Amino acid sequence: MERTFIAIKPDGVQRGLIGEIVSRFETKGFTLVGMKFMMVTRELAEEHYGVHRERPFFPGLVEFITSAPVVAMVWEGDGVVASARKLIGATNPLTAEPGTIRGDFGVSIGRNIIHGSDAIETAQTEIALWFKDGELANWEPTIKPWIYE
Ligand code: DAT
Ligand code: MG
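Bear in mind that the values here come from a model prediction, so they are computed numbers and not experimental data.

Engineer: Looking at this structure, how should I read the site of ligand 1?
Structural biologist: Inspection of the region around ligand 1 gives Lys9, Tyr49, His52, Phe57, Leu61, Arg85, Thr91, Arg102, Ile109 and Asn112 as its neighbouring residues. For ligand 1, an oxygen atom lies 2.8 Å from a polar atom in the side chain of arginine 85. Out of a free accessible area of 510 Å², ligand 1 has 75% covered by protein chains. With respect to the pocket detection grid, ligand 1 is positioned in the largest pocket. Of the residues that constitute the shell around ligand 1, the class distribution is 4 nonpolar, 3 polar and 3 charged.

As structure tokens, this is what we get:
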């Protein structure tokens, strides 16, 4: 089944939003298959945001993402990559729709609380970058028939 990589960024952790954010993915009906609370090394940050290396905000972004712990997660479900992006909302929290995580909790693009993979291929690359195979649980929630027809 489809999987995506989600990370609660240092601002989400500092602001006490871990439970609220995890709850949104759980109550939507997605399945948590991996989770770790960790400091991000500069090396991992630069690799993760590699596509933005040439952008003016890159140094600040790496500084920010390494400044406090993050919660790295893998979530599983039908269409989870695109759906998670919808739950997360637009990149700039100021213009993100109310009801989305960024729309409900942020005002600044450089403090947008959460990361989510932008495509199925990106998700596969990011999951492999952040997690070892043994850190992911292959399991089937007993509630599944109540979520999927
Ligand atoms: P997203 O996180 O929605 O996929 P992105 O991949 O375009 O957005 O950018 C990665 C992160 O970089 C984003 O979450 C916040 C930061 N960022 C993007 N554009 C920025 C800007 N113009 N100024 C400051 N930070 C920015
Ligand atoms: Mg992105």
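Moving on from the coordinates now.
Engineer: Looking at this structure, I do not really get the packing of helix 2 (residues 18–28) against helix 5 (residues 80–88). What am I missing?
Structural biologist: The description of two helices packed together rests on the angle between their axes and the distance between the axes. Where helix 2 contacts helix 5, the two axes come as close as 11 Å, and the packing angle between them is 135°. As far as their axial angle goes, helix 5 and helix 2 are oblique. Between helix 2 and helix 5 lies a crossing whose hand is right-handed. On helix 5, the residues touching Arg24, Phe25 and Lys28 of helix 2 are Ser83, Ala84, Leu87 and Ile88. Here the residues of the contact of helix 2 with helix 5 are counted per class, giving 4 nonpolar, 1 polar and 2 charged.

Engineer: Explain the packing of aromatic side chains to me, please; I cannot follow it from the model alone.
Structural biologist: Between two aromatic rings, the relevant description is the distance of the centres plus the angle of the planes. If you walk through the whole model with that rule in mind, you get 3 aromatic pairs. Measuring from centroid to centroid gives 6.4 Å for phenylalanine 5 and phenylalanine 131, while their planes differ by 65°, and the two rings are edge-to-face. Placement of the pair is phenylalanine 5 in strand 1 (residues 3–8) and phenylalanine 131 in the segment after helix 7 (120–130), with a sequence separation of 126 residues. One exposure class covers both phenylalanine 5 and phenylalanine 131, and it is buried. With a centroid separation of 5.4 Å and 25° between ring planes, the pair formed by phenylalanine 25 and tryptophan 75 is classed as stacked. Of the two residues, phenylalanine 25 is situated in helix 2 and tryptophan 75 in strand 3 (residues 70–76); the sequence distance between them amounts to 50 residues. Here phenylalanine 25 and tryptophan 75 have matching classes, each one buried.

Engineer: Would you take a moment to explain the environment of alanine 90 for this structure?
Structural biologist: Topologically, alanine 90 is positioned in the loop between helix 5 and helix 6 (101–105). Sequence separation of alanine 90 and isoleucine 109 is 19 residues, and the distance between their C-alpha atoms is 9.5 Å. If sequence neighbours within four positions are ignored, alanine 90 has contacts with Ala96 and Arg102.

Engineer: In this structure, what is going on with helix 5? I would like to understand it.
Structural biologist: Helical geometry: 3.6 residues make up each α-helical turn, so side chains three or four residues apart lie on a common side. Within the sequence span of helix 5, burial applies to Val80, Val81, Ser83, Ala84 and Ile88. In an axial view of helix 5, the angular spread of the buried residues amounts to 165°, which keeps them on one side of the axis. The outward face of helix 5, more than 90 degrees from its buried face, is lined by the exposed residues Ala82 and Lys86. Buried residues along helix 5 sit in contact with strand 1, helix 2, strand 3, helix 6, strand 4 (114–116) and helix 7. A positive phi of about 95° marks glycine 89, the residue just after helix 5.

Engineer: Just to check I follow, could you spell out a nonpolar patch on the surface for this structure?
Structural biologist: On the surface, Ile143, Trp146 and Ile147 cluster together to form a nonpolar patch covering roughly 390 Å² of accessible area. Tracing the backbone shows isoleucine 147 in the segment after helix 7.

Calculation criteria
- Residues numbered from 1 in each chain as written.
- Chains lettered and ligands numbered in written order.
- Predicted model: local features only at pLDDT ≥ 70, side-chain atom pairs only at ≥ 80, totals over all residues.
- Heavy atoms only, no water.
- Near = heavy atom within 4 Å.
- Polar contact = N/O pair within 3.5 Å; in protein donor to acceptor, adjacent residues only side chain to side chain.
- Areas by Shrake-Rupley, 256 points an atom, 1.4 Å probe, with all protein chains shown as cover.
- 1 Å grid on protein atoms, 1.4 Å probe; cavity = no way out; pocket = protein on both sides within 12 Å on 5 of 7 lines; lining within 4 Å.
- Sits in = over half its atoms within 2 Å of the grid points.
- Nonpolar A, V, L, I, M, F, W, Y, C, P; charged D, E, K, R; others polar.
- Axes fitted to C-alpha atoms, helices over the stretch in contact; angles between N-to-C directions.
- Helix = DSSP H or I, 4+ residues; strand = E, 2+ residues; numbered from the N terminus.
- Parallel < 35°, antiparallel > 145°, perpendicular 65-115°, else oblique.
- Left-handed = near helix turned anticlockwise from the far one by under 90°.
- Contact = heavy atoms within 4.5 Å.
- Phe/Tyr/Trp six-rings, centres within 6.5 Å; stacked < 30°, edge-to-face > 60°.
- Buried < 20%, exposed > 50% of the residue type's maximum accessible area, 1.4 Å probe, protein only.
- Arc of directions from axis to C-beta.
- Patch = residues over 30% accessible without salt bridge, like charges linked within 9 Å, V, L, I, M, F, W, Y side chains within 5 Å.
- Salt bridge = Lys/Arg side-chain N within 4 Å of Asp/Glu carboxyl O.

As far as function goes, none of this settles anything; it's purely spatial.
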